[in-house]
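Inside the fold
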Amino acid sequence: MSLSLAAQADEFNEAIKDSPPEVGKAAPTTVSLLRGVIDPDSGEWQDTAVVREMTGEDEEELARLSTKEDVTYADYTTALLRRAVLSIGTQSIKGNQSVLESLIIGDRDLLFLGVIKATYGNVRSFSVTCGHCSKSSDVRVNLDEDFPVQQPKGSVTEARVVELKDGTEVKVKYLTGKDAQIIAALDGNAAEQNTAIVAHAVIWDDDRSDKVKTQWSRALSMSDRKVIITTVLDDQPGPTLEEVEAPCGHCDENIVMLLDWASLLLG
Ligand SMILES: [Zn+2]
């Protein structure tokens with residue numbers, strides 16, 4: 001585990017101004033979200049969250065979860081965020097975890113990265129085998145630089161309007177963590193996933209059931225489904241996982257490392 005003490009020191013000094021941290025506990029870290037959640041009192045969007053570093057207890061709990069079958073990334077993130085996110089805006093997460101479900105996927109990914117940073121610092125090193133000389137080198141991943149944040153095409157607090165073939169307009173929302181969990185749990189083929197994305201992305205004026213939404217999505221023409229799905233998938237703001245490249249320490253070639261969320265957390 002590599003921990004950048006200098007990077008942590010600044011945050012620690014910032015945090016200590018407000019309230020002295022408990023002995024043995026790291027200072028909380030703030031995360032700026034793309035959209036955040038609506039404060040129930042003021043009706044305003046709040047986009048600053050506070051996360052804490054993960055402990056051995058968290059590690060044990062997440063390890064227990066990862067041994068279960070059919071655990072999706074969405075389930076895993078939900079478990080992690082429930083433990084390590086302390087508050088969003090004025091709302092405390094303890095006993096109020098539905099707040100996490102209303103976050104857009106990109107905000108959940110930003111919180112995930114925030115927890116990683118609070119736990120390990122901004123830079124993580126991974127031992128990677130070079131594809132050319134088969135020797136092992138350290139690849140440094142900078143959590144601030146190696147995760148470019150895709151910005152929303154329009155206002156992330158407003159629904160996007162899609163016109164269907166017959167001229168009807170439907171409003172399409174940014175998918176939330178809850179939507180992602182439902183879609184991932186389906187474990188269906190691509191067409192069934194598309195049905196679920198359309199069913200959950202369209203905003204309904206009435207309070208219809210998931211079953212009715214799914215029926216509507218299935219009855220929709222393939223071209224209308226495509227327009228809705230493209231709107232959802234082409235405009236998904238949030239941090240993106242890219243390949244990280246570093247020179248091999250043993251030969252003249254570059255090592256290309258494909259990061260995934262699990263290795264970022266537990267690797
Ligand atoms: Zn090499």
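These lines cover the structure that appears in this document, whether it is placed above or below.

What counts, and where the lines are drawn
- Residues numbered from 1 in each chain as written.
- Predicted model: local features only at pLDDT ≥ 70, side-chain atom pairs only at ≥ 80, totals over all residues.
- Heavy atoms only, no water.
- Helix = DSSP H or I, 4+ residues; strand = E, 2+ residues; numbered from the N terminus.
- Buried < 20%, exposed > 50% of the residue type's maximum accessible area, 1.4 Å probe, protein only.
- Contact = heavy atoms within 4.5 Å.
- Areas by Shrake-Rupley, 256 points an atom, 1.4 Å probe, with all protein chains shown as cover.
- Phe/Tyr/Trp six-rings, centres within 6.5 Å; stacked < 30°, edge-to-face > 60°.
- Lys NZ or Arg CZ within 6 Å of the ring centre and 35° of its normal.
- Donors = N, O, S within 2.8 Å, 3.2 Å for Na, K, Ca; no water.
- Tetrahedral: all angles 85-135°; square planar, octahedral: opposite > 155°, others 65-115°.
- Axes fitted to C-alpha atoms, helices over the stretch in contact; angles between N-to-C directions.
- Parallel < 35°, antiparallel > 145°, perpendicular 65-115°, else oblique.
- Left-handed = near helix turned anticlockwise from the far one by under 90°.
- Salt bridge = Lys/Arg side-chain N within 4 Å of Asp/Glu carboxyl O.
- Pairing = 2+ DSSP bridges.
- Core = buried A, V, L, I, M, F, W, Y, C linked by side-chain atoms within 4.5 Å.

Another aspect to go through is the overall build of the protein. Counting secondary structure elements, the protein contains 10 helices and 12 strands. Counting the 267 residues in the protein, one finds 40% classified as buried. In the protein, once contacts between residues fewer than 6 apart in sequence are set aside, the share between residues at least 24 apart is 61%. Carbon and sulfur atoms provide 48% of the accessible area of the protein, an area that totals close to 15000 Å².

The subject of this paragraph is the packing of aromatic side chains. One pass over the structure, following the stated rule, counts one aromatic pair. The cationic tip of Arg124 hangs over the ring face of Tyr120; the distance from NZ or CZ to the ring centre is 3.7 Å. Here Arg160 stacks its cationic end above the ring of Tyr174, 3.7 Å away from the centre of that ring.

Let us now look at the coordination of the zinc ion. Binding of the zinc ion to the protein goes through Cys130 (SG), Cys133 (SG), Cys248 (SG) and Cys251 (SG), at separations of 2.3 to 2.4 Å. What the four donor atoms of the zinc ion show is an angle range of 106 to 114° at the metal, which sorts the shape as tetrahedral. Sequence spacing among the residues donating to the zinc ion works out to C-x2-C-x114-C-x2-C. Within this pair, whereas Cys133 is found in the loop between β5 (123-129) and β6 (136-142), its partner Cys251 is found in the loop between β11 (243-247) and β12 (254-258), the two being separated by 118 residues in sequence.

So, on to the packing of helix α6 (residues 177-186) against helix α7 (residues 190-201). The geometry of a pair of packed helices is captured by two quantities: the angle between their axes and the separation between those axes. At their nearest, the axes of α6 and α7 sit 9 Å apart, and the two run at 160° to each other. Classified by the angle between their axes, α6 and α7 sit roughly antiparallel to one another. Seen from above, α6 lies across α7 with right-handed handedness. Together, Asp179, Ile182, Ile183 and Leu186 of α6 and Glu192, Gln193, Ala196, Ile197 and His200 of α7 make up the contact between the two elements.

In this section: the side chain of Thr176. When you line up the elements, Thr176 lands in the loop between β9 (169-172) and α6. The exposure class of Thr176 is buried, given its relative accessible area of 10%. When sequence neighbours within four positions are dropped, the list of residues in contact with Thr176 reads Arg35, Glu101, Ser102, Leu103, Ile104 and Ile105.

Under the defined criterion, the tally for this structure stands at nine salt bridges. Notably, a salt bridge pairs Asp144 with Lys117, separated by 2.7 Å at the nearest N-O pair. Here Asp144 is found in the loop between β6 and β7 (149-150), whereas its partner Lys117 is found in helix α5 (residues 105-120), with 27 residues between them in sequence. In this structure, Asp210 engages Lys213 in a salt bridge whose closest nitrogen and oxygen atoms are separated by 3.8 Å. Taken together, the residues Asp210 and Lys213, both in helix α8 (residues 210-219) and three residues apart, mark about one turn of the helix.

This part is about the sheet that holds strand β3 (residues 85-88). Across the sheet, which stays open at both edges, the four strands sit in the order β1-β2-β3-β4 with antiparallel pairing between neighbours. For this open sheet the edge positions go to β1 (29-38) and β4 (91-92), each flanked by a neighbour on one side alone. Direction of pairing for β1 relative to strand β2 (residues 45-51): antiparallel, over a ladder of six bridges. Bridge pairing in β2 links Ser32 to Thr48. Sitting on the sheet, helix α3 (residues 73-84) touches β2 and β3, and the angle it makes with β3 is about 80°. The strands touched by α5 within the sheet are β1, β2 and β3, with β1 carrying the most contacts at an inclination of about 170°.

This brings us to the pairing of strand β8 (residues 160-163). The side-chain alternation of β8 yields one buried face, formed by Arg160 and Val162, and one unburied face, formed by Val161 and Glu163. Here β8 pairs with β9 via four bridges, running antiparallel. Bridging from a neighbouring strand, Arg160 pairs with Val172 of β9. Hairpin connection from β8 to β9: five residues lie between these consecutive antiparallel strands, with Gly167 at a positive phi of about 95°.

Below, the discussion takes up the nonpolar core. Of all hydrophobic cores here, the largest spans 43 residues; its most connected members are Ile88, Leu111 and Leu264. Broken down by element, this core gets its largest block of residues, eight residues, from α5. The residues touching Leu264, leaving out its near neighbours within four places in the chain, are Phe112, Leu113, Ile116, Tyr120, Arg124, Phe126, Leu143, Phe147 and Leu259. Core analysis: the second largest hydrophobic core is formed by 16 residues, Ala196, Ile197, Ala201 and Ile229 among them.

Relative to β3, β2 runs antiparallel, the two sharing three bridges. Looking at the pairing, Val51 lines up with Val85 of β3. Hairpin connection between β3 and β4: a loop of two residues separates the two successive antiparallel strands, and Gly89 in this loop has a positive phi of roughly 60°.

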